[in-house]
Amino acid sequence: MVKTRIRVIAVVVAVTLLFTFILNQIVGTSEKALARGGTVSSNDVYVLSKIINGEARGESFLGQVAVGAVIVNRVKNPNFPNSVYGVVFEPGAFDAVSDGQYYRKPLSASVKAARAAISGWDPTYGALYYWNPATATSRWIWSRKIINRIGKHVFGR
Amino acid sequence: MRNMKWRNWIVPGILVVALLGTGYWGYTEYKVRQDLQNRAESQYQRAFYELTQHLDTITGQLAQLQVIASKEQRILGLATMWRQIFAAQDNLGGLPLALVPLSKTEKFLSDAGDVSYTLLSRTTKQKEILEEKDAKVLGQLYQRAEALKEEMAKLGAKILNEELSWTQVEVALKEANGNLEDNTIINGFKLAEKRMEEYPEMETGDDFALVKPEVKIVRGEEKIDKAEAVQIADKWWNPKEEKEAINLTYEGVGDIPTYGMEIIPAKKEESPVYLDVSKLDGKVIWAMKPKDVAASNVDLSQGEQNCQEFLAGHNLYNMEPIHIENEDNTAIYTFVPRQGNVLLYPDQVKVAVALDNGEIIGFEGTAYYMYHRTRDLPLPKISENTLKNQLNPRLKVELIRPALIANDWGKEVLTWEVRGSYDKEKFALFYNAESGSEEMIVRLTPPPKFDFLLEE
């Protein structure tokens, strides 16, 4: 009897520990190696690189520039907020801001892409929207005029 | 026996403590979540309440401008309206409506902003009482403002009376991917948008119309196919360099239809090159080589020389550098073409140089290929000397030169460009070469720099 009890306690403790560990993995911020990235003028480039990193990590360099260009195009468009911050933090505008991907440190490719987009390179020729055709379910987004498709994103106006 | 009994309570005891602990943890989490949600909710409520207030003030100002009989009051009224419109746009941008189509409502606000800005910049030259054509434009804006204000006030009343929550709308919208059908708040905005749609396009006349420059070269007759695009890319990017492959990655159908090409270099350690070739006329619109740039070995004047050689190699002559951005061992030069001694600002190109070995790693010529042509340039009526006497003595002048610019409305104007500074701030001021009026002032001071961290 006593032995079984001890076993039960041991199992309970083990499960609790495992559970805490898993929870920590999900909730806790795992420590990542950070490197000095360089110097940017104005935090626009950095903010843009963070949103590119959150929205288009794993896309080709061109796909990342294109996402950055959409944000720059929105800043220039009168129907959107007129700063990089305003566009990026418009409530609900970007998944990466809602789910917290934005708050990771960017990779160096994203910074390069952000710089190109801010300096005027625009593979989308004025696109204001992009979406993933595999997951986008909004009917409205499909009514946009498609300009081109780069990687897994469709760019449109 | 007593011993056994005590042992019997160990497991249930641990479980009870664990349950209490979890319960307490859950409750605190819930409290924190509620607290955050309430904070988000109050921000949304404030943004919406301010939006209705600003729309009301804008409507009032639009009516007031019709009846005001002095320039002083008109300037104040227009300035108030301009500020209120800016605030209303900010409020609208702060609401969780990113998935709701509101383009007409947003268009109304930006139109009203443009009109107030233009009238503001013109009022000093005008009569005491508003001119008839301007009154007409403001009248059209007034009708739209009335309608919008009315819808927002109705919705505001519903939000207050039915205790509607913006955060709940936000969650529901996200879950429904923007296709939320029956929601009071969303319906309120959709109704406002519909009323804006019912009005015909604003008749603003030439004074407020944005001039769209005619697109030139890339709208030509000559259509190229994929194979030709590959050849063009091969010849355009370092023709002597050996290439592994040139692939078509996408076809663009935007303002400039293009073939998106990717050049895979023969040397494995080299970065691929991306470039876009226009389907009409076969011009390379832009190119990028996203390589990692090592420490600088090349100075900016050598970099500029490399750019000039590159531009000349691609038949772009007579180019004047007007701006350099230099960050992280990469310099981006902006060049504009010269016609005679006049700089053509609308036709700019950018060239990026890697300062480790001085190679070109980027070219951006969209503006050049869309707009470049030979202009009919009048001679300046105001001489350089007359202009010099007109300048503010507090400006430390660095150079004066003739330049063609596109003004706020996209109209091309011949100007005198004056570069100068005040303390640490640098400016380019553009004076109309015919009338001498200050057309545009551009701040050139580089933004503050800071170091940042990357994930490895």
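Rules used throughout
Residues numbered from 1 in each chain as written. Chains lettered and ligands numbered in written order. Predicted model: local features only at pLDDT ≥ 70, side-chain atom pairs only at ≥ 80, totals over all residues. Heavy atoms only, no water. Core = buried A, V, L, I, M, F, W, Y, C linked by side-chain atoms within 4.5 Å. Buried < 20%, exposed > 50% of the residue type's maximum accessible area, 1.4 Å probe, protein only. Helix = DSSP H or I, 4+ residues; strand = E, 2+ residues; numbered from the N terminus. Contact = heavy atoms within 4.5 Å. Patch = residues over 30% accessible without salt bridge, like charges linked within 9 Å, V, L, I, M, F, W, Y side chains within 5 Å. Areas by Shrake-Rupley, 256 points an atom, 1.4 Å probe, with all protein chains shown as cover. Salt bridge = Lys/Arg side-chain N within 4 Å of Asp/Glu carboxyl O. Axes fitted to C-alpha atoms, helices over the stretch in contact; angles between N-to-C directions. Parallel < 35°, antiparallel > 145°, perpendicular 65-115°, else oblique. Left-handed = near helix turned anticlockwise from the far one by under 90°. Nonpolar A, V, L, I, M, F, W, Y, C, P; charged D, E, K, R; others polar. Buried area = accessible area lost by both parts, 1.4 Å probe. Polar contact = N/O pair within 3.5 Å; in protein donor to acceptor, adjacent residues only side chain to side chain. Domains from an automatic or database assignment. pLDDT = per-residue confidence, 0-100. Phe/Tyr/Trp six-rings, centres within 6.5 Å; stacked < 30°, edge-to-face > 60°. Lys NZ or Arg CZ within 6 Å of the ring centre and 35° of its normal. Pairing = 2+ DSSP bridges.

### What to know about the nonpolar core
Inference 1: Formed by 84 residues in total, the largest nonpolar core has its most connected members in L48 and I51 of chain A together with L275, W286, L311 and F363 of chain B.
Inference 2: For this core, the element with the highest residue contribution is helix α3 (residues 61–76) of chain A, accounting for eight residues.
Inference 3: In contact with I51 of chain A, not counting residues within four places along its chain, are A56, I71, V88, F94, A96, V97 and Y102 of chain A.
Inference 4: Grouped together as the second largest cluster of nonpolar side chains are 45 residues, M81, A135, M152 and L164 of chain B included.

### Section: a nonpolar patch on the surface
All names here are of chain A.
Inference 1: A cluster of nonpolar side chains, namely Y85, F89 and Y103, defines an oily patch on the protein surface of about 320 Å² accessible area.
Inference 2: The topology assignment puts Y103 in the loop between α5 (95–98) and α6 (108–119).
Inference 3: According to the relative accessible area criterion, Y103 is exposed, its value standing at 56%.

### Brief notes about the pattern of salt bridges
Inference 1: One pass over the full model with this rule turns up 31 salt bridges over all chains.
Inference 2: Measuring nitrogen to oxygen at the nearest pair gives 3.5 Å for the salt bridge that ties K174 of chain B to D95 of chain A. Pair noted here: K174 of chain B is in helix α6 (residues 166–175) and D95 of chain A is in helix α5, and the two residues belong to different chains.
Inference 3: Of the residues examined, D95 of chain A reaches a relative accessible area of 48% and is grouped as partly exposed.
Inference 4: Across the pair R115 of chain A and D328 of chain B runs a salt bridge, and its minimum N-O distance is 3.5 Å. Residue R115 of chain A is found in helix α6, and its partner D328 of chain B is found in the loop between β5 (319–327) and β6 (330–339); the two belong to separate chains.
Inference 5: According to the relative accessible area criterion, R115 of chain A is buried, its value standing at 13%.

### Considering the packing of helix α2 (residues 43–56) of chain A against α6 of chain A
All names here are of chain A.
Inference 1: At a minimum axis separation of 8 Å, α2 and α6 run at an interaxial angle of 120°. As judged from the angle between their axes, α2 and α6 are oblique. Crossing geometry of α2 relative to α6 is assigned as right-handed. Residues D44, V45, L48, S49, I52 and N53 of α2 lie in contact with α6, whose contacting residues are S110, V111, A113, A114, R115, A117 and I118.
Inference 2: Counted by class, the contact of α2 with α6 contains eight nonpolar, three polar and two charged residues.

### Examining the interface of chain A and chain B
Inference 1: Between chain A and chain B, the residue contacts involve 56 residues of the former and 61 residues of the latter.
Inference 2: On the chain A side of the interface with chain B, the three residues burying the most area are P91, W121 and Y125 of chain A, jointly 16% of the side's total.
Inference 3: Put simply, chain A and chain B have five salt bridges between them.
Inference 4: Summed over the shared surface of chain A and chain B, the number is 12 residue pairs in polar contact (both at pLDDT 80 or more).
Inference 5: For the side of chain A that touches chain B, the secondary-structure elements that each account for two or more residues are α1 (2–27), β1 (34–41), α2, α3, α5, α6 and β3 (146–150) of chain A.
Inference 6: Element by element, the count of residues in the side of chain A that touches chain B is highest for β1 of chain A, at eight residues.
Inference 7: In terms of residue class, the side of chain A that touches chain B is made up of 24 nonpolar, 17 polar and 15 charged.

### Topic: the side chain of N407 of chain B
Inference 1: Summarising the element assignment, N407 of chain B is placed in the loop between β10 (396–406) and β11 (412–422).
Inference 2: Look past the residues within four positions of N407 of chain B in its chain and what remains in contact with it is V413, E439 and M440 of chain B.

### Focus on the packing of α3 of chain A against α6 of chain A
Residues and elements named next belong to chain A.
Inference 1: Between α3 and α6, the shortest axis-to-axis distance is 8 Å and the interhelical angle comes to 45°. The orientation of α3 with respect to α6, classified from their angle, is oblique. Note that α3 runs across α6; the crossing there is right-handed. Contacts between α3 and α6 pair F61, Q64, V65, G68, A69 and V72 from the former with A109, S110, K112, A113, A116, A117 and I118 from the latter.
Inference 2: Along the lines of polarity and charge, the residues of the contact of α3 with α6 split into nine nonpolar, three polar and one charged.

### Considerations on the domain arrangement of chain B
A common way to express how large an interface is: the accessible area buried when the components associate.
Inference 1: Along its sequence, chain B is carved into domain 1 (30–197), domain 2 (226–371) and domain 3 (384–443).
Inference 2: A C-alpha centroid distance of 36 Å is found between domain 1 of chain B and domain 3 of chain B.

### Comments concerning unusual backbone geometry
Residues and elements named next belong to chain B.
Inference 1: In this structure, D328 is a non-glycine residue whose phi angle is positive, near 50°.
Inference 2: Positive phi, close to 65°, is recorded for N329, a residue that is not glycine.
Inference 3: Considering the arrangement of structural elements, one finds N329 in the loop between β5 and β6.

### A short note on the confidence of the model for chain B
All names here are of chain B.
Inference 1: The predicted model of chain B has a mean per-residue pLDDT of 90, with 95% of residues at 70 or higher.
Inference 2: Averaged pLDDT values for the elements of chain B fall to 72 in helix α1 (residues 2–8) and rise to 97 in helix α9 (residues 300–313).
Inference 3: Across the predicted assembly, pTM comes out at 0.83 and ipTM at 0.84.

### Looking at the packing of aromatic side chains
Two descriptors summarise a pair of aromatic rings, namely the distance from one centre to the other and the angle between the planes of the rings.
Inference 1: All told, the structure shown has 20 aromatic pairs over all chains when counted by the stated rule.
Inference 2: Where F61 of chain A meets Y274 of chain B, the ring centres are 6.4 Å apart and the plane angle is 25°; that geometry is what we call stacked. With F61 of chain A in helix α3 and Y274 of chain B in strand β3 (residues 273–278), this pair bridges two chains.
Inference 3: F61 of chain A gets classed as buried once you look at its relative accessible area, which sits at 13%.
Inference 4: Considering the side-chain rings of W131 of chain A and W142 of chain A, the 5.5 Å spacing of their centres and the 80° angle between planes classify their relative orientation as edge-to-face. Here W131 of chain A is found in strand β2 (residues 129–131), whereas its partner W142 of chain A is found in the loop between β2 and β3, with 11 residues between them in sequence.
Inference 5: Among the aromatic residues, ring-to-ring pairing joins Y85, F89, Y102 and Y103 of chain A into one connected group.
Inference 6: The ring of Y102 of chain A has K50 of chain A lying over it, and the distance from NZ or CZ to the ring centre is 5.4 Å.

### Side note on the side chain of N306 of chain B
Residue and element names in this part refer to chain B.
Inference 1: Tracing the backbone through its elements, the reader meets N306 in helix α9.
Inference 2: Classification of N306 as buried rests on a relative accessible area of 16%.
Inference 3: A polar atom in the side chain of N306 sits 2.7 Å from the backbone oxygen of G358.
Inference 4: Non-local contacts of N306, meaning those with residues more than four positions away in its chain, are made with G358 and I360.

### Concerning the sheet that holds β3 of chain A
Residue and element names in this part refer to chain A.
Inference 1: Here we have three strands laid out as an open sheet, ordered β2-β4-β3, and antiparallel in their pairing. Looking at the sheet topology across the chains shown, the edges are occupied by β2 and β3. With strand direction ignored, the average angle separating the axes of adjacent strands in the sheet is 25°.
Inference 2: In the sheet, β3 pairs with strand β4 (residues 153–156) via four bridges, with the strands oriented antiparallel.

### A word on the confidence of the model for chain A
Do not read the fine detail of predicted coordinates wherever pLDDT is low.
All names here are of chain A.
Inference 1: The predicted model of chain A has a mean per-residue pLDDT of 82, with 79% of residues at 70 or higher.
Inference 2: The weakest mean pLDDT in chain A belongs to β1 at 56; the strongest belongs to α3 at 94.
Inference 3: Here residues 28–32 is modelled with pLDDT under 50, and outside its nearest four sequence neighbours on either side it reaches three contacts, counting other chains as well.

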